[in-house]
Each structure stands twice: as structure tokens, then as C-alpha cells.
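Letter by letter, the chains look like this.
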Amino acid sequence: MKNKSDGKEKVSSNTMNQQHNSHPTSHDKKMSLIYSGFIGECAEIKEVFQTIEKVADTDSTVLITGESGTGKELTARAIHENSSRRNNPMVVLNCGAIPSELLESELFGHEKGAFTGAHQPRIGRFEMADGGTIFLDEIGDMSPGLQVKLLRVLQEQCFERVGSVKTIHVNIRIISATNKNLKKAIHEGAFREDLYYRLNVIPINMPSLHKRKSDIPLLINHFLEKRQANSNKSADTKKTFSKRAMETLINYNWPGNIRELENLIERLSILVDEDTIRYKDLPEKMKEKATTRQNIPESIMERNWPGFNQAVDQFQKNLILQALNQTNWIKAKAASLLKMNRTTLVEKIKKMDLESMENHVDREFTSNHKYFSIDELDISHLLHTEKSTISIMK
Ligand SMILES: Nc1ncnc2c1ncn2[C@@H]1O[C@H](COP(=O)(O)OP(=O)(O)O)[C@@H](O)[C@H]1O
Ligand SMILES: [Mg+2]
């Protein structure tokens, strides 16, 4: 838990406030869980919050799995900050970023002269973390030789510095993380099974962002607020997204997960001058995704497999909406894209009650645009107007 005096941001989601009010942790009834800037209200994240709450103040090892950028390190920090170790250090070590020859000395420290270049004795990360938590990121990249030594630390909480015979005892909590499939690595002989079970006492799996679409608007809002708070320009107002831009972001696949989203919000906040960020401002790869996606929405698949007729209806609806969005709801143009008769399209729009979706189109008018109301617009207007200068206004 962070103290007010540490000057760090203190944000907790509404869900979290409710949780800590109703379930105070057992070691200190007054202690409230603080998830600094940890945003999320979907079921999977609520489950993660609940696990954090239960395990934070134990010494059990935690293994956090999930794709890169899903919040594994943030989760480790939340565990540390909500434990009684919070006033001691949390030491982070990325096992994948350090060559394996150096990793041993990095973890355990070394004595002077232990190897060429060891001019001074140096304490390792385990000693630095004494009384606190060590977060071993990318644990799947650790060499088999070091895995054995780590297993000993886990079993006996002791080790020797490289080049020393003196045993050092420490009191540390170990949290590790990986985006690799460790079960597969065990099968392939690259990861020790005994170490896996030692590390994986409490497993936490971070969901990929495309599986928590309902959290995307919350995260966007959080990052916009963060940008505004960090902005040096006092005149900067908090930006907003147009409905169409927001929908595109919700439907994007996010291979880089929350890290990719955070970076995009930072980039758009700096580069877009207007207060509203629009579809046209988004990266091309996201727009392609939005216009070519013809899958049945995952939301339907997740709830239940649809019946055949429901799936076909949904597919038709998606296809028509995509054509309408791409043509700024000019039905004649959309009908031509869909290679169907305009009257048939209008009938389908009515039958599927799609008119209400029309607000999802950005209205980006420029001075040379000609405006038509939806009711006025028919094929004769299209024939007498240059295609590129038509917009729709209700
Ligand atoms: N639920 C969340 N709410 C707010 N920010 C998040 C959330 N999850 C991740 N982030 C932010 O996304 C970035 C990547 O998170 P990180 O914990 O480093 O991911 P990982 O370790 O899985 O690669 C960080 O800047 C982190 O603060
Ligand atoms: Mg990480």
C-alpha cells in the first residue's frame, strides 16, 4: 500500500473500493487495498483483484502468466504494495534481458576477484530484496544451471555470493512472471518441473486485452487523464474520442495489449491538435481491421455458441453496418458496395433496426461539403453531386 507521502499516484477503481470496504484483509482490519492506477471491471480482472487481496499478505510464491503488456508487473507491484513487506524494497529483475553468465552474479552478488572484471565485491538482487519482494520477470528464460540455484533459494532461503563460501540467509517473497508456456518448456526439457511447482503456488493469469473489451473505454479514460495530469501545458484539456474512433479501438485486436493502448493514447494526445480524436487520426492498421472484420463478434461466441440463424443474422448485420460506416451511411453507395438493390438494403436496415446505429458514424464536416438530411438523400442527389463532397446530417 502506498503512503500519501510517497508522492505517487493513488487511484483505485470503484470496484476495488467496494471490495476493500466489504472484505478487509485479516492481518489489519484498517488496511485498505490500494491498486495504484490498476484499472478494470471485467470478471477476469475482478478475479485477479480478489486473488491479490487474498495472497498479498502471505509469503506464498506467485507465478503471473499472460501475454506481454497485460499487466503482469503491475500485478506484482499491487501484491507487494498490499503486503506487510511494502516498506521494504521490491526488486525487479528481467531474467530475459541479462546474459546468463551475468545473471548469477546479478542475483546472488559476487566477491572481489570472483571472475575477470570483478574488481569490487557486489551485493546481488536477493540481498537487496531482503525483507521485501523480488520480482523475477521472464522466468522462462532462466538457464537450467541457475534454475537449480533458484530452487535452493526457494527451499532454504539461502545462497552464496559468486566466489564465496559464506552462506547468506534472506527473508524474501518471490513473485515471478512469464509470457511463455512453462508446461511446454517442461515437456521440452527447458524448464525444471520441481522449480515450476515451487514458483506456481499461487497462479495468476492476466487476460489479453482483446478478451476484456469492456475495459477498453475505462483504460482509455484513465490514460487520457494521466496524460493531462502529466502535461506541461496548463491549457491542455482532456481529449475525448469520437464514437466511431472509440468503437474501432474496442474492436482492434491489441497484440501489444495495455502497453500498446497506453502508448497509442500518449501518441494521439500529443499529435492530434483538436480536442476530439477521430477515426481518421487512428493508425491505418486499426482502420483496416475495422473495415475488413467480418467475424461473428467475440461477445456472442463468448456468451454461448449462437444458433445457425442467429449467426447468419449477425453476420448480415455486421456486413451491412460496415458498408454503411464505410460510405458515411449513404445508402446508395453502401448498396453498391454490397452489390444489392438500394430498396432491399433500406428494407434490411429497417428490419434489423440499424438506423439507431447511425450515430456511430463520425460527422467530420469540412467547408466544401454539401449537407443532406438522411430523408432528403436519394440517388438523384448522388448523381448530381461529386461523391467526395457528400456528408450526412440529421
Ligand atoms: N489494468 C491496468 N490498468 C492500468 N494500467 C495498466 C493495467 N495493466 C497494465 N497497465 C499498464 O500497461 C503497461 C504494461 O504493463 P506491465 O505490467 O508492464 O505488463 P507486462 O509485465 O505484462 O508486460 C504499464 O505501463 C502498466 O502500468
Ligand atoms: Mg513485463
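Residues numbered from 1 in each chain as written. Chains lettered and ligands numbered in written order. Predicted model: local features only at pLDDT ≥ 70, side-chain atom pairs only at ≥ 80, totals over all residues. Heavy atoms only, no water.

**Re the site of ligand 1**
Logical step 1: Around ligand 1 lies a shell of 17 residues, among which Ile 39, Gly 69, Lys 72, Arg 259 and Glu 262 are the nearest.
Logical step 2: Contact between ligand 1 and Thr 70: an oxygen atom at 3.2 Å from a main-chain N or O atom of the residue.
Logical step 3: For ligand 1, an oxygen atom lies 2.7 Å from a polar atom in the side chain of Glu 262.
Logical step 4: Coverage of ligand 1 by the protein chains reaches 86% of its 560 Å² of free accessible surface.
Logical step 5: Looking at the shell around ligand 1, the elements that each hand over two or more residues are helix H3 (72–81), helix H9 (216–230) and helix H11 (257–271).
Logical step 6: Tallied by class, residues from the shell around ligand 1 come to 6 nonpolar, 5 polar and 6 charged. (Near = heavy atom within 4 Å. Polar contact = N/O pair within 3.5 Å; in protein donor to acceptor, adjacent residues only side chain to side chain. Areas by Shrake-Rupley, 256 points an atom, 1.4 Å probe, with all protein chains shown as cover. Helix = DSSP H or I, 4+ residues; strand = E, 2+ residues; numbered from the N terminus. Nonpolar A, V, L, I, M, F, W, Y, C, P; charged D, E, K, R; others polar.)

**Details of unusual backbone geometry**
Logical step 1: Positive phi is not limited to glycine here, since Gln 157 has a value of about 55 degrees.
Logical step 2: Considering the arrangement of structural elements, one finds Gln 157 in the loop between helix H6 (144–156) and strand S6 (158–160).
Logical step 3: Residue classification places Gln 157 among the partly exposed residues on the basis of a relative accessible area of 26%.
Logical step 4: With a phi close to 55 degrees, Asn 328 is a non-glycine residue in the positive phi region. (Buried < 20%, exposed > 50% of the residue type's maximum accessible area, 1.4 Å probe, protein only.)

**Focus: the sheet that holds strand S1 (residues 62–65)**
Logical step 1: Across the sheet, which stays open at both edges, the 5 strands sit in the order S2-S5-S8-S1-S9 with parallel pairing between neighbours. If you trace the sheet from one side to the other, it starts and ends with strand S2 (90–94) and strand S9 (202–205), each paired once. The sheet shows a mean angle of 20 degrees between the axes of neighbouring strands, taken without regard to direction.
Logical step 2: Across 4 bridges, the pairing between S1 and strand S8 (residues 173–178) is parallel. Note that in S8 the partner of Ile 64 across the bridge is Ala 177.
Logical step 3: Against the sheet, helix H2 (residues 43–55) touches S1, S8 and S9, its axis set at about 155 degrees to S9. (Pairing = 2+ DSSP bridges. Axes fitted to C-alpha atoms, helices over the stretch in contact; angles between N-to-C directions. Contact = heavy atoms within 4.5 Å.)

These results come straight from atomic positions and should not be treated as a statement about function.
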